[in-house]
Amino acid sequence: MTPEAVARNERKKRKEARMQARRAQLALSRQDHGGPLAWRGWFDGSAHPNPGKLGIGALLLGPNGERIEVSEAAGYGSSSDAEYAALTAMLQAALGVRPPPVQLLLYGDSQVVINDVLGTTPVGAKGLETQRATVVALLEQFTDVSLRWIPRHRNGEADRLSQLAIAGWVEKD
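Residues numbered from 1 in each chain as written. Predicted model: local features only at pLDDT ≥ 70, side-chain atom pairs only at ≥ 80, totals over all residues. Heavy atoms only, no water.

Undergrad: Mind showing me how you'd approach the overall build of the chain here?
TA: Scanning the chain for helices and strands turns up five helices and five strands. In sequence order, the secondary structure elements of the chain are arranged as α-β-β-β-α-β-α-α-β-α. Put simply, the chain has 173 residues, and 38% of those count as buried. Taking the contacts inside the chain whose residues are at least 6 apart along the sequence as the reference set, 72% of them involve residues at least 24 apart. Total accessible area on the chain is roughly 10000 Å²; 56% of this is exposed by carbon and sulfur atoms. (Helix = DSSP H or I, 4+ residues; strand = E, 2+ residues; numbered from the N terminus. Buried < 20%, exposed > 50% of the residue type's maximum accessible area, 1.4 Å probe, protein only. Contact = heavy atoms within 4.5 Å. Areas by Shrake-Rupley, 256 points an atom, 1.4 Å probe, with all protein chains shown as cover.)

Below you can see the structure in the form of structure tokens.
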């Protein structure tokens, strides 16, 4: 086999593997495994500019109509720092729920953060090791938790809360 044919074959294999992974991710995203006691949470972080001032937003909805909102300024950093801070704040809010959530379904629009936490990339995101360790430690405190990526347009409420935090911070300056 010629070197060109070997290279083509390798590219074809990589492409097929990416397509299979994408199909699996889509299938998972279409499933909602939430039972009657599931809490659902959405998180988002913003940096203005990027890097810059951080705002975080999160929304937790309980099975009995409970609603917990987080909207806070979170210092300075990158958009990935903001996304991690929002996820951390949401998990901390969920830990404060009594009785604790039996099941927790979490959604965010940052593929970087979600892939980093789930370990779906061969190498973790550089510079985010401390944030990842914090989130993983928090996740381990829950019995049944899932973390999924959703498109930005399906994460509007968390985005609104993160933008409110940024707007409030900018007004204080």
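Here the narrative resumes, following the displayed structure.
Undergrad: Would you mind going over the environment of Ser 46 with me for this structure?
TA: Its location among the elements puts Ser 46 in strand 1 (residues 38–48). By relative accessible area, which is 6% here, Ser 46 ends up buried. For the pair Ser 46 and Gly 77, spaced 31 residues apart in sequence, the C-alpha to C-alpha distance is 9.6 Å. Leave out the neighbours within four places in its chain, and Ser 46 touches Lys 53, Leu 54, Gly 55, Ala 82, Asp 159, Ser 162, Gln 163 and Ile 166. Polar side-chain contacts of Ser 46 include one of 3.0 Å to the side chain of Ser 162. Polar side-chain contacts of Ser 46 include one of 2.7 Å to the side chain of Gln 163. (Polar contact = N/O pair within 3.5 Å; in protein donor to acceptor, adjacent residues only side chain to side chain.)

Undergrad: Quick question: what am I supposed to make of the packing of helix 2 (residues 79–95) against helix 4 (residues 129–139) here?
TA: The geometry of a pair of packed helices is captured by two quantities: the angle between their axes and the separation between those axes. Between helix 2 and helix 4, the shortest axis-to-axis distance is 10 Å and the interhelical angle comes to 20°. On the basis of the axis angle, helix 2 is roughly parallel to helix 4. Crossing angle aside, the handedness with which helix 2 passes helix 4 is left-handed. In contact with Asp 81, Tyr 84, Leu 87, Thr 88, Leu 91, Gln 92 and Leu 95 of helix 2, helix 4 contributes Gln 131, Arg 132, Thr 134, Val 135, Leu 138 and Leu 139. Across the contact of helix 2 with helix 4, the residue classes break down as seven nonpolar, four polar and two charged. (Axes fitted to C-alpha atoms, helices over the stretch in contact; angles between N-to-C directions. Parallel < 35°, antiparallel > 145°, perpendicular 65-115°, else oblique. Left-handed = near helix turned anticlockwise from the far one by under 90°. Nonpolar A, V, L, I, M, F, W, Y, C, P; charged D, E, K, R; others polar.)

Undergrad: Just checking my understanding: could you explain unusual backbone geometry for this structure?
TA: The linkage connecting Asn 50 with the following residue, Pro 51, adopts the cis geometry, with an omega of -5°. As for its placement among the helices and strands, Pro 51 is situated in the loop between strand 1 and strand 2 (52–61). With an omega of -10°, the peptide bond running from Arg 98 to Pro 99 counts as cis.

Undergrad: Is there a simple way to explain a positive patch on the surface in this structure?
TA: Side chains of Arg 8, Arg 11, Arg 14, Lys 15 and Arg 18 sit close together on the surface and give a patch of like positive charge. One can find Arg 8 in helix 1 (residues 3–30). (Patch = residues over 30% accessible without salt bridge, like charges linked within 9 Å, V, L, I, M, F, W, Y side chains within 5 Å. Salt bridge = Lys/Arg side-chain N within 4 Å of Asp/Glu carboxyl O. Lys, Arg positive; Asp, Glu negative; His and termini not counted. Charge placed at Lys NZ, Arg CZ, Asp CG, Glu CD.)

Undergrad: Explain helix 2 to me, please; I cannot follow it from the model alone.
TA: Because the α-helix completes a turn every 3.6 residues, residues three or four places apart line up on one side. In this model helix 2 runs 24 Å from its N-terminal to its C-terminal C-alpha over 17 residues, within 8% of the 24 Å that 1.5 Å per residue would give. Of all 17 residues in helix 2, twelve are buried, a share of seventy percent or more. Those residues of helix 2 that sit buried are Ser 80, Ala 82, Glu 83, Tyr 84, Ala 86, Leu 87, Thr 88, Ala 89, Met 90, Leu 91, Ala 93 and Ala 94. (Expected span 1.5 Å × (residues − 1).)

Undergrad: Got a minute to help me understand the sheet that holds strand 2 in this structure?
TA: Strand pairs in the sheet, formed through backbone hydrogen bonds, run parallel or antiparallel to each other. Pairing within the open sheet is mixed, and its five strands lie in the order 3-2-1-4-5. Looking along the sheet, the strands with just one partner apiece sit at the ends: strand 3 (67–77) and strand 5 (145–149). With strand direction ignored, the average angle separating the axes of adjacent strands in the sheet is 20°. With nine bridges connecting them, strand 2 and strand 3 associate as antiparallel partners. Its bridge partner being in strand 3, Gly 52 is matched across the sheet by Gly 77. (Pairing = 2+ DSSP bridges.)

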